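# Breakdown of the fold
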Amino acid sequence: MKKEGSLKLILAILVIILLCIVSLGGIYAKDKNVMKNVLPNYILGMDLDTNTIIKLDVVKNEGNSSENTQEESNETEKNSESENSENAENNTEKNNSENGQAQNIYTVENFEQSKKIIEKRLKNAGINQYTLRLDEQSGTIIMEVPDDTNNDTLQNIFVVGKTEIKISENNEVIGDYNSISKITTAIDDSYVNYGIGSFVKLDIEFSKDAVKKFEEIKNNYIIPTDEEGKQTENNIVIAIDGSAICSMTETEFLETAVKGSLPLKLGDYTNDKTTLNNTLKEADSIKNIIQSGNLPIRYSVNYTNDIHSNISEIGIISVFAVILIIMLVYLVLKYKLKGILAELDILGFGALLLLVLRYTNVEISIASIVSIATMLILQFIYSVKLLDNEKISSKIFTEETIKFTKMLIPAFIMSVVIAFANILEISGFGMIIFWGIILFEIFNNIITRAILTNVKNK
């Protein structure tokens, strides 16, 4: 029995050492003649990472207020007939009331709507780390994103995004973003085996109301003829802020659109993966802009400055080192050999927790660091409770662990609530406590049991 206990003790210590090496150092493997860490990287929160601040200022047209006259309303109608993108943006900023007077669009409601649309575009683009602050007086939006956020992706977040389906010859608008119910993007490999290559497709599905309108237009459509009696087809374009993403004859468009969908091909056939991926990103950007709706207000974009976290990795490590040293001094002075093993046990628990955080994609923020420190202190208190017993038999260990587990049940329930509350600032705290308590039960019932029940104090 003594040999079996000694073997368990040695194995437990080896496991802890391995956990510390893997968790803090990583596992490296050769990848294209370069040694790379195969473990997932930690996801640093915005309060620990370096960030970029972007200022979005409202662009106002002079004289655009609730007191505008019919003359400005007429100017809006002229602008709506222009094909250039600048006038397309101006159209967004001039909404007419039933009495012909222009309405003031620079309202708190529109400021908040713009913020919601920008937030939706950020999420759809896969940018999950950000902060948005709105000044309701001026409409200015301050955005903060990590430094490594793709600049091209960001530029497409800020466009007005006014979507129009119109007849290019007379600028008659026959649909907008509300006419589109769904968009899907993908790389089509159907013709690869024929040696042609792949292409990016963008499939548009129209709403029922849009299909009904297209049917009416199709039934009444007569191909125009010029002075010589020659037929000249109209063209229909789908444009964003005046820039066409597709153009086809009216007959071709209507024949397909009345069936409820419109398959589009973006770019040329190619076997180059980089080209395909870039075109797919462009298609996803178009999808994001259309489905999020157009901004009611136009903004100018100013990249003001970078801000850098005042908390460095060295600072974080130093804080944890101090905590662990204080624990070690206390444990060694009071419990001698068992104190040293208890400190090693705490290190192993912390290493396991950090390893799990790599694989669960939990964001490491200041709140997360506090929760990690909380779990280490909890493990320390648990170890002290065990070591206060003159002899830690398996029975005593089980009894003490059950008592501690019962105390943790409310904290576990609270951690679940916080973790899934969808509040970015505190969800990481709750998630770490959640995983920490689960690991606490597993680790202590296997590793801690093997260490503290199989060693004599000296």
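In this report, the structure presented in the accompanying data block is examined.

How each quantity is defined
- Residues numbered from 1 in each chain as written.
- Predicted model: local features only at pLDDT ≥ 70, side-chain atom pairs only at ≥ 80, totals over all residues.
- Heavy atoms only, no water.
- Helix = DSSP H or I, 4+ residues; strand = E, 2+ residues; numbered from the N terminus.
- Pairing = 2+ DSSP bridges.
- Axes fitted to C-alpha atoms, helices over the stretch in contact; angles between N-to-C directions.
- Contact = heavy atoms within 4.5 Å.
- Buried < 20%, exposed > 50% of the residue type's maximum accessible area, 1.4 Å probe, protein only.
- Patch = residues over 30% accessible without salt bridge, like charges linked within 9 Å, V, L, I, M, F, W, Y side chains within 5 Å.
- Areas by Shrake-Rupley, 256 points an atom, 1.4 Å probe, with all protein chains shown as cover.
- Salt bridge = Lys/Arg side-chain N within 4 Å of Asp/Glu carboxyl O.
- Lys, Arg positive; Asp, Glu negative; His and termini not counted.
- Charge placed at Lys NZ, Arg CZ, Asp CG, Glu CD.

What follows concerns the environment of glycine 161. Here glycine 161 shows up in the loop between helix H5 (151–158) and strand S7 (163–167). Each C-alpha atom of the pair glycine 161 and alanine 239 lies 9.2 Å from the other, and the pair is 78 residues apart in sequence.

Let us look at the sheet that holds strand S8 (residues 172–176). The sheet built from 4 strands is open, its strands ordered S8-S7-S11-S12 with antiparallel pairing. In this open sheet, the two strands that pair with only one neighbour each are S8 and strand S12 (243–249). Within this sheet the neighbouring strands show an average axis-to-axis angle of 25°, counted without direction. Relative to S12, strand S11 (residues 235–240) is paired through 6 bridges, and the arrangement is antiparallel. By the bridge assignment for S12, valine 237 is matched with serine 247. Against the sheet, helix H7 (residues 250–257) makes contact with S7, S8, S11 and S12, and its axis sits at roughly 90° relative to S12, the strand it touches most.

For S7, a buried count of 5 out of 5 residues is recorded, marking the element as mostly surrounded by other parts of the structure. Going residue by residue along S7, you find Thr163, Ile165 and Ile167 tucked away on one face and Glu164 and Lys166 tucked away on the opposite face as well. Pairing of S7 with S11, which is carried by 5 bridges, proceeds in the antiparallel orientation. Looking at S11, one finds that lysine 166 is bridged to valine 237. Where S7 lies against S8, 4 bridges are found, and the strand directions are antiparallel. If you follow lysine 166 over to S8, its bridge partner there is valine 173.

Turning to a negative patch on the surface, a few remarks are in order. Together, Glu109, Glu112, Asp135 and Glu136 make up a negatively charged patch on the protein surface. Relative to the helices and strands, glutamate 109 resides in helix H4 (residues 108–124).

A few words now on the sheet that holds strand S13 (residues 261–270). With respect to topology, 3 strands assemble into an open sheet ordered S9-S10-S13, the strand pairing being antiparallel. The strands lining the two open edges of the sheet, one partner per strand, are strand S9 (180–188) and S13. Strand-to-strand twist across the sheet, computed as the mean angle between neighbouring axes with direction ignored, equals 15°. Where strand S10 (residues 198–206) lies against S13, 7 bridges are found, and the strand directions are antiparallel. Across the sheet, the residue bridging to serine 198 is threonine 270, located in S13. In the packing of H7 onto the sheet, the strands contacted are S10 and S13, and the crossing angle to S13 comes to about 120°.

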